[in-house]
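Structural overview for review
Now for the letters of each chain:
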Amino acid sequence: MAKLVDNGQEQTPELNEAVATLLPHVNEQKANFKPQGIVNLLWAMAKLVGSGLERAPELKEAVAALLPHVNAQKDQFDAQGIANLLWAIAKLLDNGQKWSPGLNDAVAALLPHVNANKDQFIPQHIANLLWAMAKLVDNEQKRTPEFNEALAALLPHVSAQKANFKPQGIANLLWAIAKLVDNGQELTTEPKKAVAALLPHVNTHKDQFNALGIANLLWAMAKLLDNGEDRTPQLKEAVAALLPHVNAQKGNFKPQGIANLLWAMAKLMDSGQDRTTGLHEAVTALLPHVNAKKDQFKAQGIANLLWAMAKLGELLELNVVISTFESLVDRISENPQLSQQTILMSLWGVMVCCARLSPDANNNHWLEKHMDDLFTRVKNTSPDNLEDQSVIAMAASWLGRACPVVPHYQTTVSKPQADFRNQLQSCIPSLQIEEEKSLNSLPPVDLLLPDHNMVIEVQGPSHYVGGDFKTRNGSTLLKIALLQKAGFEVIEIPANQLLNNDLMKPYIDQIKIRTGIPPQGHGSVSLKRRWADAACVTANDRQPSDHGDLTAEEHSGEQTNPAKRKKTNSQ
């Protein structure tokens, strides 16, 4: 029956009744099953539960009755049986099965046999085993020596069998490696080799992945990059090969797949993936399905969506962001049981959404109410977790609260920043300049002119979606708005506009004007075109996403009060 369901048989009431009739007999006959029977039964129950069968008491009793026999017969299972049993246990855990002494013992009994049988596993077994091990760790399996030995035994066989995996196996393997790495597995030589071996086959099989496979693959590649994997040509090609299929399969993704895909695409662009037409089209194709399925997302999925849409910044139209946030934020706030990760991701996303609205806009109030609610639910975080501490500090600054943490920011001075600072100081020797200064516990600004209440930010590619030096990302927009609220005028200069002294001169002249020092040699020559193309000046009576358009003639010497953005590592 499980095999029928696995091959498309509808799970009808009659089929469920037949299963319910048989389950009590599993317990009655538990002592009489041969090893193959134990394997088939646990596999079948896991497959049926994964296909939607209710975890009735009879099913739980049947599982509990069989688990001790896994331990008792551990030496009699063949390679396929070992793979199927570990897959079944992982699948049951993934669908609500609780850890028990019997389940712990069964896993502990099977793991040494993975190493012993490593040369007998076919490609499907390898894929299933690594998927199962990733799921076990994700469900709080301890990384025992036996677990680590089993993992070390399997990884070399991924490279050896790379040409023999089916599309689903490729997707499961890359997902499993990414999940293991995300749960603490070091990205050492063997995992890297396995990833490198599999990536070319993503392109080869691109037309054969189903919706779940596409979602898992893009999530996996984003996670691997986020955990230190190199952005190799093969990885970029694999991403590019999959993106058109997001659009083609847009109606087939489940809610979790939609949330994972948008998170992955935001993370890929945040990790330096070029902003291509295919990527933009994939994001655009998915957004309508967020609203359509708004009632079906789990809390973590909502947090991923809020974070992703916020991170994509000016790539998404503001009205689309607002309408989507309206449909999701209420559900997060109403949920009494949220993990700290979910709260912090949601809090950051809500702040960015506020940053994209005019600070005085009426439609900011409902978002600030949610921001306040989320902020009060944040618990103390580890001093070593700078990202979380930064989010808390930014929220406290926005809400005008005392900051409960003291983030210890790391500072890095880029070459364009150092060159521009030196040139600016050379041109205006009397100008007081402070560098990498943290204001109101916010991430440090590049250059602060304290006598003029002015911040200058030399913006590298990480401040823009896909590094395009045009489309500001959510981290950047949030920093702008926070400094604006704190009363600072902020000048943003893209780093690619500071390659030599001649390019720097118009910006330095503009700073002279804004600080009341007449520029030399320009008279009333308009700087409008260069400034509008390259720099953003945000004033307190203007939306932070508006680009300033200042000229030498237009400046009347008044002190404006804008704010800006910077290198903020968001959730």
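Given the structure is predicted, the values throughout are model-derived calculations rather than measurements. (Residues numbered from 1 in each chain as written. Predicted model: local features only at pLDDT ≥ 70, side-chain atom pairs only at ≥ 80, totals over all residues. Heavy atoms only, no water.)

1. A few points about the overall build of the protein chain
- Along its length, the protein chain carries 23 helices and five strands.
- The buried share of the protein chain, taken over its 571 residues, is 54%.
- If you sum the accessible surface of the protein chain, you get close to 24,500 Å²; carbon and sulfur atoms cover 46% of it. (Helix = DSSP H or I, 4+ residues; strand = E, 2+ residues; numbered from the N terminus. Buried < 20%, exposed > 50% of the residue type's maximum accessible area, 1.4 Å probe, protein only. Areas by Shrake-Rupley, 256 points an atom, 1.4 Å probe, with all protein chains shown as cover.)

2. As for helix H2 (residues 13-28)
- For H2, built from 16 residues, the straight-helix expectation of 22 Å at 1.5 Å per residue is met to within 8% by its first-to-last C-alpha distance of 24 Å.
- Those residues of H2 that fall on the buried side of the exposure criterion are Leu15, Val19, Leu23 and Val26.
- Where H2 is buried, its residues touch helix H1 (2-6), helix H3 (35-50) and helix H4 (57-72). (Expected span 1.5 Å × (residues − 1). Contact = heavy atoms within 4.5 Å.)

3. Description of a nonpolar patch on the surface
- Nonpolar side chains collect at one region of the surface, where Met1, Leu4 and Leu22 lie side by side and expose about 280 Å² of accessible area between them.
- Examined against the element boundaries, Leu22 turns out to sit in helix H2. (Patch = residues over 30% accessible without salt bridge, like charges linked within 9 Å, V, L, I, M, F, W, Y side chains within 5 Å. Salt bridge = Lys/Arg side-chain N within 4 Å of Asp/Glu carboxyl O.)

4. Thoughts on the confidence of the model for the protein chain
- Chain-level pLDDT for the protein chain is 87 on average; 90% of the residues reach the 70-or-more range.
- Within the model, pLDDT remains below 50 along residues 522-535, and this stretch shows 40 contacts once partners closer than five positions in the same chain are excluded. (pLDDT = per-residue confidence, 0-100.)

5. Details of the pattern of salt bridges
- Inspection of the entire model under this criterion finds 15 salt bridges.
- In this structure, Asp373 and Arg377 form a salt bridge, with 3.8 Å as the shortest nitrogen-oxygen distance.
- Taking relative accessible area as the criterion, Asp373 reaches 27% and is therefore assigned partly exposed.
- With a shortest N-O distance of 2.7 Å, Lys415 and Asp419 are connected by a salt bridge. Remark: Asp419 and Lys415 occur in helix H20 (residues 415-427); sequence separation between them is four residues, near one turn of the helix.
- One network of salt bridges, with partners in common, ties together Glu314, Arg472 and Glu492.

6. Brief notes about the packing of helix H16 (residues 318-334) against helix H17 (residues 340-356)
- Relative to each other, H16 and H17 sit at 145 degrees, their axes nearing to 11 Å. At the point where H16 passes H17, the crossing takes the left-handed sense. The residues of H17 that touch H16, namely those facing Leu318, Val321, Ile322, Phe325, Val329 and Ile332, are Thr342, Ser346, Gly349, Val350, Cys353 and Arg356.
- For the contact of H16 with H17, a count of residues per class yields eight nonpolar, three polar and one charged. (Axes fitted to C-alpha atoms, helices over the stretch in contact; angles between N-to-C directions. Left-handed = near helix turned anticlockwise from the far one by under 90°. Nonpolar A, V, L, I, M, F, W, Y, C, P; charged D, E, K, R; others polar.)

7. Quick look at the nonpolar core
- Core analysis: the biggest nonpolar cluster contains 166 residues, and Leu86, Leu218 and Leu262 have the highest contact counts within it.
- Apart from residues no more than four positions distant in its own chain, Leu262 is found in contact with Val283, Leu286, Leu287, Val290, Leu305 and Ala308.
- Within the second largest apolar cluster, 18 residues are counted, among which are Ile428, Leu449, Met504 and Ile508. (Core = buried A, V, L, I, M, F, W, Y, C linked by side-chain atoms within 4.5 Å.)

8. Considering the environment of Val352
- Mapped onto the elements, Val352 comes out in helix H17.
- The spacing of Val352 and Leu306 is 46 residues in sequence and 9.4 Å in space, taken between C-alpha atoms.

9. Regarding the pairing of strand E4 (residues 489-494)
- Taking burial as the measure, the six residues of E4 include six buried ones, the bulk of the element.
- What you see with E4 is no split at all: Glu489, Ile491 and Ile493 on one side and Val490, Glu492 and Pro494 on the other are buried throughout.
- For the crossover that starts at strand E3 (residues 454-459), traverses helix H21 (residues 474-485) and ends in the parallel E4, the hand is right-handed. (Right-handed = clockwise from strand over helix to strand, strands pointing away.)

10. Remarks on the packing of H17 against H21
- Here H17 crosses H21 at 65 degrees, and the two axes come no closer than 8 Å. Pair H17 / H21 crosses with left-handed handedness. Across from Trp348, Met351, Val352, Ala355 and Arg356 in H17, the residues of H21 making contact are Gly474, Ser475, Leu477, Leu478 and Ala481.
- Classifying every residue of the contact of H17 with H21 gives seven nonpolar, two polar and one charged.

11. Brief notes about helix H8 (residues 145-160)
- With 16 residues, H8 ought to run about 22 Å at 1.5 Å a step, and its terminal C-alpha atoms sit 24 Å apart, in line with that.
- Among the residues of H8, Phe147, Ala150, Leu151, Ala153, Leu154, Leu155, His157 and Val158 are the ones counted as buried.

12. Some details on unusual backbone geometry
- Phi is positive for Glu140, close to 75 degrees, though the residue is something other than glycine.
- Inspection of the secondary structure assignment puts Glu140 in the loop between helix H7 (123-138) and H8.
- In this structure, Phe469 takes a positive phi of about 60 degrees despite not being glycine.
- As for its placement among the helices and strands, Phe469 is situated in the loop between E3 and H21.

13. Regarding the packing of aromatic side chains
- Taken as a whole and assessed by the stated rule, the structure comprises seven aromatic pairs.
- By way of ring pairs, the aromatic residues Trp43, Trp87, Trp131, Trp175 and Trp219 are connected into one cluster.
- A cation over a ring is seen here: Lys485 above Trp398, with NZ or CZ 4.8 Å from the ring centre. (Phe/Tyr/Trp six-rings, centres within 6.5 Å; stacked < 30°, edge-to-face > 60°. Lys NZ or Arg CZ within 6 Å of the ring centre and 35° of its normal.)

14. Quick notes on the side chain of Gln185
- For Gln185, the position within the fold is in the loop between helix H9 (167-182) and helix H10 (189-204).
- At 2.3 Å, the side chain of Gln185 forms a polar contact with the side chain of Arg143. (Polar contact = N/O pair within 3.5 Å; in protein donor to acceptor, adjacent residues only side chain to side chain.)

15. Considerations on the environment of Ala396
- Turning to its location among the elements, Ala396 is positioned in helix H19 (residues 386-399).
- Given a relative accessible area of 1%, Ala396 falls into the buried group.
- Taking C-alpha positions, Ala396 is 9.9 Å from Met371, a pair spaced 25 residues apart along the chain.
- Not counting the four nearest positions on each side in its chain, Ala396 is found in contact with Phe375, Arg401, Ala402, Cys403 and Pro404.

16. Digging into the pairing of strand E2 (residues 445-449)
- E2 sits mainly inside the fold: five of its five residues count as buried.
- As paired elements, strand E1 (residues 434-437) and E2 share three bridges and run antiparallel to each other. Bridging from a neighbouring strand, Glu435 pairs with Leu447 of E2.
- Summarising the sheet, E2 and E3 pair through three bridges and their orientation is antiparallel. The residue of E3 that forms the bridge with Leu448 is Val455. (Pairing = 2+ DSSP bridges.)

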